[in-house]
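A structural walkthrough
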Amino acid sequence: MLWRYLAGAATARTADEMSGPALLIAGLAVTGSPVVASWLLAGLTVSAAAGGPLLGVLLDRARRPGRLLAGCLVAYAGGLLVIVSGLGRLPEAALVAVAVAAGLVGPALTGGWTSQIPAVAGPDRLGRANALDAMTYNVAGLAGPALAGVIAGGPVAVLVCVVLLVAALPAAWTLPASAGVKARRGVGEELREGFGAILGNPVLLRATAGSMVSCAGTAMLVVSAPVLGERLTGSTGPGALLLAVTAACGLAANALVARARGPRHWDALLVWGTAVAGVGMMLAAAAGVSGAYWVAVVAAGVVGLGEGPQLTALFSVRHREAPARLRAQVFTTGASLKITSFAVGSAVAGPLAAYSVVAALLAGAAAQAVAVAVLTAGRRRSVRDV
């Protein structure tokens, strides 16, 4: 069951990572307008903040949450199909609206899947399962943008996204039933309860806030990487390679975490992973100053070595601290907040990197430092770190 889950999650998340670049390329190819392309991408991501908490309520209510996830896969795939078939034919505003609607179910591809790990793996294998689940994000981060880049034609890449989403349907449909479904109340009351579970638990609140700040810092690196590559080598291609190095090192680090035996001090790992990512971003800024591309490669690897275990630790802390009846809402809300933070970080990073890529990378490192401060504020060692 765990391996079927991992295969489905990796496939769905690859489609998710691929869909943004594919839509961007398709919009440019068909309309020739970078404005339209960017609005399609923005529409697909900005609505996640609203969709995540509501999706979490529905998953927590569902007797068969996997079937709801399958429905979200169909909805996301359908939205992509409408957009790619309507480019050049339907009004641009209507296509952006479709992208916004599809983006509402986007958190199902991230936090929605992860919230089902305890039912799939059981409590004895939860730590290892979290590490393996985090590895699917690393695989998707490598494969999704790469596929979008190598497939000829933006519309074709979008269609490949649809195929991947359909391929993940069987794994979603066969996820285990919930052990118990909570009593239904008003949606507004349940949303307040879900947010209250995060705000009322200091550990969850620190992990959520710290991951949001860290994700904004990660956006600084993602936006800056092509600019840094062009500055160091004269081409943006090596900049994209830096992001691949980050994902590959994150995958390797999580593989080691998955193989590790004995107690797991997840709170400490979350802090140290964030700190290591910050060190990597400082090294990347140093590469911008020195003009040495090999330093940038090392820096990208260091970021990955921090970010991989950081994600595993975040999942483990959420699983440990979230009430079982609110677990899906905690995960989808967390995913939504991270997506929104990434969007904000990207918006700030663009003008900053255009002015100075070194300044943008230092801002990313500073964000990681702030995240470490948030994660350690008032923290006491938990006896439940296992």
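Residues numbered from 1 in each chain as written. Predicted model: local features only at pLDDT ≥ 70, side-chain atom pairs only at ≥ 80, totals over all residues. Heavy atoms only, no water.

What to know about the overall build of the protein chain
- Each helix and strand counted, the protein chain has 17 helices and zero strands in total.
- Taking 2.2 N^0.38 as the reference for a compact globule, 386 residues should give roughly 21 Å; the C-alpha atoms of the protein chain span a radius of gyration of 20 Å, in line with that estimate.
- With the C-alpha coordinates of the protein chain rotated into their principal frame, the extents come out at 55 × 50 × 35 Å.
- Here the protein chain, with 386 residues, has 52% of them falling under the buried criterion.
- Residue pairs at least 24 apart in sequence account for 85% of intrachain contacts in the protein chain once pairs closer than 6 positions are excluded.
- Distance between charge centres in the protein chain, computed from 27 positive and 14 negative side chains, equals 7 Å. (Helix = DSSP H or I, 4+ residues; strand = E, 2+ residues; numbered from the N terminus. Rg over C-alpha atoms; globule rule 2.2 N^0.38 Å. Buried < 20%, exposed > 50% of the residue type's maximum accessible area, 1.4 Å probe, protein only. Contact = heavy atoms within 4.5 Å. Lys, Arg positive; Asp, Glu negative; His and termini not counted. Charge placed at Lys NZ, Arg CZ, Asp CG, Glu CD.)

Observations regarding the side chain of S341
- For S341, the position within the fold is in helix 16 (residues 327-355).
- The exposure class of S341 is buried, given its relative accessible area of 9%.
- Ignoring sequence-local partners within four residues, the contact set of S341 consists of M212, C215 and A216.

Describing empty space enclosed by the protein
- If you walk through the whole model with that rule in mind, you get two cavities of 30 Å³ or more.
- In this structure, the second largest cavity occupies an estimated 50 Å³ of space.
- Considering the residues around the second largest cavity, the lining is formed by L221, A225, L228, L242, L243, T246, A284, A296, A299, A300 and V303.
- Secondary-structure elements contributing two or more residues to the lining of the second largest cavity are helix 12 (202-233), helix 13 (237-259) and helix 15 (293-321).
- The leading source of residues in the lining of the second largest cavity is helix 15, at four residues. (1 Å grid on protein atoms, 1.4 Å probe; cavity = no way out; pocket = protein on both sides within 12 Å on 5 of 7 lines; lining within 4 Å. Points joined across faces, edges and corners; volume = space filled by probe spheres on them.)

Topic: the state of the cysteines
- According to the stated counting rule, one finds zero disulfides in the structure shown.
- Of all cysteine sulfurs in the structure, the one in C249 sits closest to C215, which takes part in no disulfide; the separation is 19 Å.
- The buried category is assigned to C215, whose relative accessible area is 13%. (Disulfide = S-S within 2.5 Å.)

Regarding the side chain of T136
- By secondary structure assignment, the location of T136 is in helix 8 (residues 126-150).
- A relative accessible area of 5% places T136 in the buried class.
- The residues touching T136, leaving out its near neighbours within four places in the chain, are L6, A9, A10 and R13.

Quick look at the packing of helix 1 (residues 2-31) against helix 4 (residues 65-86)
- Between helix 1 and helix 4, the shortest axis-to-axis distance is 12 Å and the interhelical angle comes to 20 degrees. By the angle class used here, helix 1 and helix 4 are roughly parallel. Like other packed secondary-structure pairs, helix 1 and helix 4 cross with a definite hand, here left-handed. Here A12, D16, S19 and L23 of helix 1 lie close against helix 4, whose contacting residues are L73, Y76, L80 and I83. (Axes fitted to C-alpha atoms, helices over the stretch in contact; angles between N-to-C directions. Parallel < 35°, antiparallel > 145°, perpendicular 65-115°, else oblique. Left-handed = near helix turned anticlockwise from the far one by under 90°.)

Things to note about a nonpolar patch on the surface
- A surface patch of nonpolar side chains, about 390 Å² in accessible area, is lined by V279, L283, W294 and V298.
- Among the elements of the structure, helix 14 (266-290) and helix 15 are those that each provide at least two residues to the nonpolar patch.
- Along the chain, L283 turns up in helix 14. (Patch = residues over 30% accessible without salt bridge, like charges linked within 9 Å, V, L, I, M, F, W, Y side chains within 5 Å. Areas by Shrake-Rupley, 256 points an atom, 1.4 Å probe, with all protein chains shown as cover. Salt bridge = Lys/Arg side-chain N within 4 Å of Asp/Glu carboxyl O.)

A word on the nonpolar core
- The biggest cluster of nonpolar side chains holds 65 residues, and the ones touching the most others in it are L2, Y5 and W113.
- In this structure Y5 touches R13, W113, T114, I117, V120, D133 and L175, once residues within four positions along its chain are discounted.
- A292, A296, L361 and A365 belong to the second largest nonpolar core, which has 18 residues in total. (Core = buried A, V, L, I, M, F, W, Y, C linked by side-chain atoms within 4.5 Å.)

A few points about the confidence of the model for the protein chain
- For the protein chain, per-residue confidence averages 84 on the pLDDT scale, and residues scoring 70 or more make up 92% of the total.
- Every residue in residues 381-386 is under pLDDT 50, and counting partners more than four places away or in other chains gives 12 contacts. (pLDDT = per-residue confidence, 0-100.)

Focus on the packing of aromatic side chains
- Enumeration over the complete set of coordinates arrives at three aromatic pairs.
- Judged by centre distance (5.4 Å) and plane angle (50 degrees), the ring pair of Y137 and F315 falls under tilted. With Y137 in helix 8 and F315 in helix 15, this pair connects stretches of sequence that are 178 residues apart.
- On the basis of relative accessible area, Y137 is assigned to the buried category, the value being 17%.
- Ring-pair connections join several aromatic residues into one group, and the members of that group are Y137, F315 and F331.
- Positioned above the aromatic ring of F331, the side-chain terminus of R318 is 5.6 Å from the ring centre. (Phe/Tyr/Trp six-rings, centres within 6.5 Å; stacked < 30°, edge-to-face > 60°. Lys NZ or Arg CZ within 6 Å of the ring centre and 35° of its normal.)

Side note on the packing of helix 14 against helix 15
- Two elements in contact, helix 14 and helix 15, have axes whose closest approach is 7 Å; the angle formed by their N-to-C orientations is 160 degrees. One finds that helix 14 runs roughly antiparallel with respect to helix 15. Helix 15 is crossed by helix 14, and the crossing has left-handed handedness.
- For the contact of helix 14 with helix 15, the class distribution of residues is 19 nonpolar, seven polar and three charged. (Nonpolar A, V, L, I, M, F, W, Y, C, P; charged D, E, K, R; others polar.)

Let's talk about helix 17 (residues 357-376)
- Compared with an ideal rise of 1.5 Å per residue, which puts 20 residues at 28 Å, helix 17 spans 29 Å between its outermost C-alpha atoms and is within 8% of the ideal.
- Within the sequence span of helix 17, burial applies to V357, V358, A360, L361, G364, A365, A367, Q368, A371, V372 and L375.
- Those residues of helix 17 that are buried lie in contact with helix 12, helix 14, helix 15 and helix 16. (Expected span 1.5 Å × (residues − 1).)

Let's talk about the pattern of salt bridges
- Following the criterion strictly, the structure yields three salt bridges and no others.
- Two residues, R13 and D133, come together in a salt bridge whose shortest N-O distance is 2.7 Å. Taken together, the residues R13 in helix 1 and D133 in helix 8 connect sequence positions 120 residues apart.
- Owing to a relative accessible area of 2%, R13 belongs among the buried residues under this scheme.
- Taking the relative accessible area as the measure of exposure, D133 reaches 0% and is therefore buried.
- A salt bridge links E321 to R320, with the nearest nitrogen and oxygen atoms 2.8 Å apart. Across the pair, exposure class does not vary: E321 and R320 are buried alike.

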